[in-house]
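# Descriptive structure summary
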Amino acid sequence: MIYFKAPIPHTSPLTWTLRFALTILLIPGLLSCSSDDAEDGPPLIEGRYEREVFETFEVTNNISYGSGITQGGETQTLTLDLYEPFGDEATDRPILIYVHSGGFTSGSKAEALLLAPFFAQSGYVVASIAYRLIDIERTSEAATRAVIDASHDLRAAIRYVKANSTSLGVDTLNIFIGGFSAGAFTALQTGYVNDLEEILAYGGEDLVTYLEANGGFEGSSGNAGTSMPIAGVFNIAGALGLAEFVEAGEPPLFSIHGTADEVVPFNSCYGDGTGVIVEGSNLIHQVADQVGLTNELIVIEGGTHTAIIDCEECPALLRDFIFANLQ
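These notes cover the structure that comes with them. (Residues numbered from 1 in each chain as written. Predicted model: local features only at pLDDT ≥ 70, side-chain atom pairs only at ≥ 80, totals over all residues. Heavy atoms only, no water.)

Of all 5 residues that make up strand 7 (residues 232–236), 5 are buried, and the element is covered over most of its length. Of the two faces of strand 7, the one lined by Gly-232, Phe-234 and Ile-236 and the one lined by Val-233 and Asn-235 are each fully buried. Judged from the 5 bridges that link them, strand 6 (residues 170–180) and strand 7 form a sheet pairing that is parallel. What sits directly across from Phe-180, in strand 7, is Ile-236. Pairing between strand 7 and strand 9 (residues 253–258): 4 bridges, direction parallel. Looking across to strand 9, one finds that Val-233 is bridged to Leu-253. (Buried < 20%, exposed > 50% of the residue type's maximum accessible area, 1.4 Å probe, protein only. Helix = DSSP H or I, 4+ residues; strand = E, 2+ residues; numbered from the N terminus. Pairing = 2+ DSSP bridges.)

So, in structure tokens, the structure goes:
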């Protein structure tokens, strides 16, 4: 593991978010650099995927990718927002699927503005998904079921991307999944929990029954087929039921976590309001090291749950990791 210690810069908590929000107001312009036309396919852009080579981006909102039944019995249409480099001619691009935070009770796919403009302007595609939230009393049982539902919806989004890769202009070998807080829980669950014994270990027989009654690991949120493999997982202030769920041969893992996170533990504690003990990024990466899984952990010393907002270098470090792990 390459281990970074990132101090918290002395910037306003809104600096990172405002930077990207203001990007939306840019007038679509020309590419900042390009190469000569290739004989086959569109021209390549020097430095794409490693740095920001597009002046701006475009967003297509509310694309339907599936549907699911909430715990309260309501049918929910599942949608995503698609961020792309403006004017891009490439047709085989890596894609990041982003899952928002909110403790499985709230939040919005618009949260992707935290990272999506940066990655779209670097040549990537970003799909930010809405997923089913808890619409009943928030108990420990509802919380563990919510992780299953969210993982099912994420898997449906992965399958949607695979089934529509040509029209989306993406490379199915380079699908990365991740998110912040609850979204990171969801991505970690999807990437590393793939055995009924693992479900049993942290959720008991009732959660196994719930999983099997709702389509098994793949779920039934749409787009039949398999969601695996994926190219990697990124985790911003998330956790797993048990760190030992991470095994050799699974997708590469990149994490960012503050050591003073009061919501999701850097090590081990009760997850926010769930009554469920979870194991955070530090323990997860210790296991990843032990089993030889490709991984990096960015430790923000003294950082709280929202430390990512003040970590100006973190998006570039995530981009470096993704670029190094492109297939």
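Having seen it, we continue.
Turning next to the nonpolar core. Where a protein is soluble and globular, its nonpolar side chains tend to be buried together. Residues Tyr-65, Ile-97, Phe-104 and Ile-177 are the most contacted members of the largest nonpolar core, which totals 58 residues. No other element matches helix 3 (residues 140–163), which puts 11 residues into this core. Beyond its immediate sequence surroundings of up to four residues, Phe-104 is in contact with Tyr-131, Leu-133, Ile-134, Ala-146, Val-147, Ala-150, Ala-182, Phe-185 and Thr-186. Grouped together as the second largest cluster of nonpolar side chains are 32 residues, Tyr-83, Ala-112, Val-126 and Leu-317 included. (Core = buried A, V, L, I, M, F, W, Y, C linked by side-chain atoms within 4.5 Å. Contact = heavy atoms within 4.5 Å.)

It is worth spelling out the packing of helix 3 against helix 6 (residues 196–213) at this point. The geometry of helix 3 relative to helix 6 is characterised by a closest axis approach of 10 Å and an angle of 75° between their N-to-C directions. It follows from the interaxial angle that helix 3 and helix 6 lie roughly perpendicular. Between helix 3 and helix 6, the residues in contact are Glu-141, Thr-144, Arg-145, Ile-148, Asp-149 and His-152 and Ile-199, Tyr-202, Asp-206, Leu-207, Tyr-210 and Leu-211, respectively. Its residues assigned to classes, the contact of helix 3 with helix 6 comprises 6 nonpolar, 2 polar and 4 charged. (Axes fitted to C-alpha atoms, helices over the stretch in contact; angles between N-to-C directions. Parallel < 35°, antiparallel > 145°, perpendicular 65-115°, else oblique. Nonpolar A, V, L, I, M, F, W, Y, C, P; charged D, E, K, R; others polar.)

Tallied over the full model, the rule gives 1 disulfide. Linked covalently through their sulfurs, Cys-311 and Cys-314 form a disulfide whose S-S length is 2.1 Å. Taking the torsion about the S-S bond as the criterion, the Cys-311 to Cys-314 disulfide, at about 75°, is right-handed. Judged on exposure class, the residue Cys-311 and its partner Cys-314 are both buried. (Disulfide = S-S within 2.5 Å.)

Here we come to helix 6. For helix 6, with 18 residues, the first-to-last C-alpha span of 13 Å runs short of the 26 Å given by 1.5 Å per residue. Of all the residues in helix 6, the buried ones are Glu-198, Ile-199, Tyr-202, Leu-207, Val-208, Tyr-210 and Leu-211. Next to the buried residues of helix 6 lie helix 3 and helix 5 (182–192). With a side-chain oxygen positioned 2.6 Å from the backbone nitrogen of Glu-197, the residue opening helix 6 is Asp-195. (Expected span 1.5 Å × (residues − 1). Polar contact = N/O pair within 3.5 Å; in protein donor to acceptor, adjacent residues only side chain to side chain.)

This part is about the pattern of salt bridges. Summed over the entire model, instances satisfying the criterion amount to 9 salt bridges. Arg-93 is the salt-bridge partner of Asp-88, the closest N and O atoms lying 3.1 Å from each other. You can call Asp-88 buried: its relative accessible area is 16%. Residue Arg-93 is classed as buried on the basis of its relative accessible area, which comes to 4%. The partner of Glu-218 in a salt bridge is Arg-159, and the shortest N-O contact between them spans 2.6 Å. You can see Glu-218 sitting in the loop between helix 6 and strand 7 and its partner Arg-159 sitting in helix 3, a full 59 residues away along the chain. Across the pair, Arg-159 and Glu-218 agree in class, each one buried. (Salt bridge = Lys/Arg side-chain N within 4 Å of Asp/Glu carboxyl O.)

With an omega dihedral of 0°, the bond running from Met-228 to Pro-229 counts as a cis peptide bond. For Pro-229, the position within the fold is in the loop between helix 6 and strand 7. The phi angle at Asn-223 is positive, at roughly 65°, despite the residue not being glycine. Tracing the backbone shows Asn-223 in the loop between helix 6 and strand 7. With relative accessibility at 27%, the residue Asn-223 sits in the partly exposed group. Positioned with a positive phi, Ala-237 is a non-glycine residue whose angle comes to about 60°. One can find Ala-237 in the loop between strand 7 and strand 8 (239–240). Residue class for Ala-237 comes out buried when judged on its relative accessible area of 3%.

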